[in-house]
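Secondary and tertiary structure notes
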There are 2 protein chains.
Amino acid sequence: MNYLMCSVGRRGELMKDFRQSMEAGSRLIATDNSPYAPALYYADAQYIVPRIDAPEYMDILLEICRKEQINAVTTFIDPEIMLLARNRDRFATLGVEVLAPYTETAELCFDKYEMFKFLRQHGIRTPMTWGTCEEALEAVRSGEVSFPLFVKPRRGSGSVGARKVESEEALHAAFSADPSLIAQEMMTGEGCFDLDADIYVDTVSHAPAAIFAKRKISTTIGGANKTISFKDETLFAFIREALKPFRFNGPIDADFFYKNGEYYLSEVNPRFGGAYLHAYGAGVDFIKLIENNLHGRENVPAIGDYEEDVVMMMYDSVVIGKKTDQELLEVLKK
Amino acid sequence: MNYLMCSVGRRGELMKDFRQSMEAGSRLIATDNSPYAPALYYADAQYIVPRIDAPEYMDILLEICRKEQINAVTTFIDPEIMLLARNRDRFATLGVEVLAPYTETAELCFDKYEMFKFLRQHGIRTPMTWGTCEEALEAVRSGEVSFPLFVKPRRGSGSVGARKVESEEALHAAFSADPSLIAQEMMTGEGCFDLDADIYVDTVSHAPAAIFAKRKISTTIGGANKTISFKDETLFAFIREALKPFRFNGPIDADFFYKNGEYYLSEVNPRFGGAYLHAYGAGVDFIKLIENNLHGRENVPAIGDYEEDVVMMMYDSVVIGKKTDQELLEVLKK
């Protein structure tokens, strides 16, 4: 199988894991708009492409698919997901599977308030969220919630711009600076924790074929970037239910809270998560699942088929290359 | 040769470079106070030790040296450098070379204001620095400098707490919150840039045996953590002169500014820098220099013996292990 990995950036280790697992004769093709993207150097072929908002961008991707006889395409960056989703048909005519959600699901993933309303409508537990300052204050006045609240950009990626607000004044100030914010109840306190799951949504059955759950290790033990795997059938059942109303397709990374004995879905990043490395290191291999799908086979779900208490510790690695673009591309294909 | 690398933390890639370069029969021994330090897993033997401020800490290190027949010891964290320097004689009685500066030099490296005074006294160019709010304001009033100024903690490590202040009021506020700050002239403007150099100071001659210089690549090209090597005989001459009044011993990482055609020494981190990986990738091998020194041989200086325009691009790598300390130590010695 031939894979097109778009906007690979720093995801060198993911490329290495991918390569280790691909069936014989497979090729890994990578794009980025900068030759200084270290992950490029772990691909079999590299294309330096324009920014994803360039008018010719999609034609260039499709041309690469044609030339490299690509079987599946995916991206490592959020803003490109919608683009791939919208062009699913064009890829399909070339026989290329788009490992990204369908359009209506992709849209929900990138609007936290629409996502909240959708989840509520389908009875899926999620933190209480308000779309305006007035709604949030009304909830405070009625006793439904109390300060501190959490505000974050409606369309933000990850935790950029997310912060705690302690008072009515601070909430007013935050919303007048940026009316597109949302306010959310805090999911903290005794026994609460946040966690995330790397999930592979089968492209044939559209149900989860693999789930890998992990938590942060207390940062008192030597700093951040350390996570530990765990299993909980209650969580797995919640995820299976929660994903039903969506149309995901391939790898996703979902964030959850655990509070008062219940799981809550927080956000979904519908792509390979940065910590897929942990899942893979614990024996969860999405590449094999993708290959099965590309061969037209539905995967037998293997939810929780990994070891508990497997720890991931992150550190910096490097690619060394020569300055000019051409030279960069000629060296260091480890 | 047997090496004891203390407090290895996330420096996994440096351990790999070290291993690749060591002469046959050498061993790499690592310590950390947490079994979650990823670099531990690239050593031949690992010791989980107490925090460096524990009363028994030095005895434990010396015991490891004895047991593992260590030839040289170094550390990857700043607060331990002084400790190694102060105990040089105890290590020496075991035949262990301490790859860290002598005490009086180590002290200067960790007090930015004392360092400034020392550099001025020896006629070495360094950014103008003031030890109190009053001195800084006096310099502004006399027209010697104008806002913005730069403030940073006198004893801080790296750029933690460093920030720009734009006015007299802001300077007063900063110093009343933390009287131990120092104020510095800004080294920015047309044609200015900052750079750093990985330098190996020979333990026999006490002169630089290797210098590797690099700059950041403009962050408009795909984000930070990308550096490019360069050479300048003027810089090399400045470094040779600037280091003469000090008593360094082994690897150091020094920060410089370039302004109006002149180099200025900013700070010295007297240990392997995080970007030694770049130097090594460009062909500068400190391990060989250390080995020569440990065999009692002075190194022939090879200043600037590397390629220009070699680019380093950083990305995240991981170690996967099992949770319990013992299990962690038994797995993944790649």
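Presented here is a report on the structure given in the accompanying data block. (Residues numbered from 1 in each chain as written. Chains lettered and ligands numbered in written order. Predicted model: local features only at pLDDT ≥ 70, side-chain atom pairs only at ≥ 80, totals over all residues. Heavy atoms only, no water.)

Description of the overall build of chain A
Condition: In this text, helices come from DSSP runs of H or I with a minimum length of four residues, and strands from runs of E with a minimum of two, each type numbered from the N-terminal end. Each residue is assigned to one of three classes by its accessible area relative to the maximum for its type, calculated with a 1.4 Å probe on protein chains only: buried under 20%, partly exposed between the two thresholds, exposed over 50%. Working rule for contacts: check all heavy atoms of both residues, and any pair within 4.5 Å makes them a contact. We get accessible surface area from the Shrake-Rupley algorithm with a probe of 1.4 Å; when it comes to residues, only the shown protein chains can shield them.
What chain A contains, in helices and strands, is twelve helices and 15 strands. In terms of its C-alpha atoms, chain A occupies a principal-axis envelope of roughly 60 × 45 × 40 Å. Each of the 334 residues in chain A was classed as buried or not, and the buried ones make up 57%. Across chain A, the fraction of contacts at a sequence separation of at least 24, relative to all contacts at a separation of at least 6, is 63%. Counting every atom, chain A has about 13900 Å² of accessible surface; 49% of that belongs to carbon and sulfur.

What about the sheet that holds strand S9 (residues 181-185) of chain A?
Inclusion rule: Strands qualify as paired when DSSP identifies two bridges or more between them.
The strand order S6-S9-S7-S8 (chain A) describes an open sheet built from four strands, whose pairing is antiparallel. Of all strands in the sheet, those bounded by a partner on one side alone are strand S6 (129-130) and strand S8 (163-165) of chain A.

As for the interface of chain A and chain B
To keep it simple, the criterion reads: In short, buried area is how much 1.4 Å probe accessible area vanishes from two parts on joining, totalled over both. The salt bridge definition used is simple: a Lys or Arg side-chain nitrogen within 4 Å of an Asp or Glu carboxyl oxygen. Any pair of N or O atoms that falls within 3.5 Å is considered a polar contact. Within protein, one atom must be able to donate a hydrogen and the other to accept it, and sequence-neighbouring residues count only if both atoms are side-chain atoms. Under the convention adopted here, Pro, Cys and the residues Ala, Val, Leu, Ile, Met, Phe, Trp and Tyr are nonpolar, Asp, Glu, Lys and Arg are charged, and Gly plus all remaining residues are polar.
Facing 37 residues of chain A, the contacting portion of chain B comprises 37 residues. Interface area for chain A against chain B, summed over the two sides, is near 3500 Å², with a carbon-plus-sulfur share of 61%. Taken as a group, Tyr36(A), Met313(A) and Tyr315(A) account for 24% of the area that chain A buries against chain B, more than any other trio of residues on that side. Along the contact surface separating chain A from chain B lie two salt bridges. Taking the shortest distance from any N to any O, the salt bridge between Asp316(B) and Arg10(A) comes out at 3.1 Å. Our count for the contact surface shared by chain A and chain B stands at twelve residue pairs in polar contact (both at pLDDT 80 or more). Every element with two or more residues in the side of chain A that touches chain B is listed here: helix H1 (12-21), strand S12 (226-230), helix H10 (276-281) and strand S15 (310-322) of chain A. Partitioned by chemical class, the residues of the side of chain A that touches chain B number 20 nonpolar, seven polar and ten charged.

Regarding the relation of the copies chain A and chain B
Heads up, the rule is: Only residues with pLDDT of at least 70 in both copies count here: their C-alpha atoms drive the least-squares fit that superposes the copies.
Once chain A is rotated about the relating axis by 180 degrees and shifted along it by 0.2 Å, it coincides with chain B to within an RMSD of 0.1 Å. Read as a symmetry element, the transformation amounts to a two-fold axis. Considering only C-alpha atoms, the part of chain A nearest the rotation axis is Asp316(A), at 2.4 Å. The fraction of interface residues of chain A whose copies in chain B are also interface residues reaches 100%, indicating that both copies meet through the same surface.

Regarding the side chain of Thr31(B)
Structurally, Thr31(B) is set in strand S2 (residues 27-32). With near-sequence residues (within four places) excluded, Thr31(B) lies in contact with Leu4(B), Met5(B), Cys6(B), Ser7(B), Val8(B), Leu40(B), Tyr47(B), Val49(B), Tyr57(B), Leu61(B) and Ile64(B).

What about the packing of aromatic side chains?
A ring pair, where both rings are aromatic, is described by two values, the distance of the centres and the angle of the planes. Where we set the bar: Between 30 and 60 degrees the pair is tilted, below 30 it is stacked and above 60 it is edge-to-face, where a pair is any two Phe, Tyr or Trp rings, Trp via its six-membered ring, whose centres lie within 6.5 Å.
Tallied over the full model, the rule gives 34 aromatic pairs over all chains. Judged by centre distance (6.3 Å) and plane angle (80 degrees), the ring pair of Phe193(A) and Phe230(A) falls under edge-to-face. A residue pair is termed long-range when its members are at least 10 positions apart, and Phe193(A) in strand S10 (residues 193-201) and Phe230(A) in strand S12 qualify at 37 residues. In this pair, the class of Phe193(A) matches that of Phe230(A), namely buried. Considering the side-chain rings of Tyr3(B) and Phe18(B), the 5.0 Å spacing of their centres and the 75 degrees angle between planes classify their relative orientation as edge-to-face. Of this pair, Tyr3(B) sits in strand S1 (residues 2-6) while Phe18(B) sits in helix H1 (residues 12-21); the two residues are 15 residues apart in sequence, bridging distant segments of the chain. Each member of the pair, Tyr3(B) together with Phe18(B), is buried. Among the aromatic residues, ring-to-ring pairing joins Tyr3(A), Phe18(A), Phe76(A), Tyr200(A), Phe272(A), Tyr276(A), Tyr280(A) and Phe286(A) into one connected group.

Describing H1(B)
In an α-helix, one turn spans 3.6 residues, which is why side chains three or four residues apart end up on the same side. Of all the ten residues making up H1(B), seven are buried; the element is thus mostly covered by neighbouring parts of the structure. Among all positions in H1(B), only Gly12(B), Glu13(B), Leu14(B), Met15(B), Asp17(B), Phe18(B) and Ser21(B) are buried.

Section: unusual backbone geometry
Residue and element names in this part refer to chain A. With omega at 0 degrees, the peptide bond leading from Phe 147 into Pro 148 counts as cis. If you trace the backbone, Pro 148 turns up in the loop between helix H7 (133-141) and strand S7 (149-153). Residue Asp 309 is not a glycine yet carries a positive backbone phi of 65 degrees. Mapping Asp 309 onto the fold places it in the loop between helix H11 (286-294) and S15. Look at Asp 309 and you get partly exposed, because its relative accessible area is 32%.

Concerning the packing of helix H2 (residues 57-68) of chain A against helix H3 (residues 79-86) of chain A
Residue and element names in this part refer to chain A. For clarity, the threshold we go by: Only the stretch in contact is used when a helix axis is fitted, and all axes are lines through C-alpha atoms; the angle between N-to-C directions ranges over 0 to 180 degrees. Put simply, angles under 35 degrees are roughly parallel, angles over 145 are roughly antiparallel, angles from 65 to 115 are roughly perpendicular, and the rest are oblique. Crossings are assigned a handedness: left-handed for a near helix turned anticlockwise from the far helix by less than a right angle, right-handed for a clockwise turn.
As a packed pair, H2 and H3 sit with axes 12 Å apart at the nearest point and diverge in direction by 70 degrees. Classed by the angle they form, the pair H2 and H3 counts as roughly perpendicular. The two elements H2 and H3 cross, and the hand of that crossing is right-handed. Two secondary-structure elements touch here, H2 through Tyr 57, Met 58 and Leu 61 and H3 through Glu 80, Leu 83 and Leu 84.

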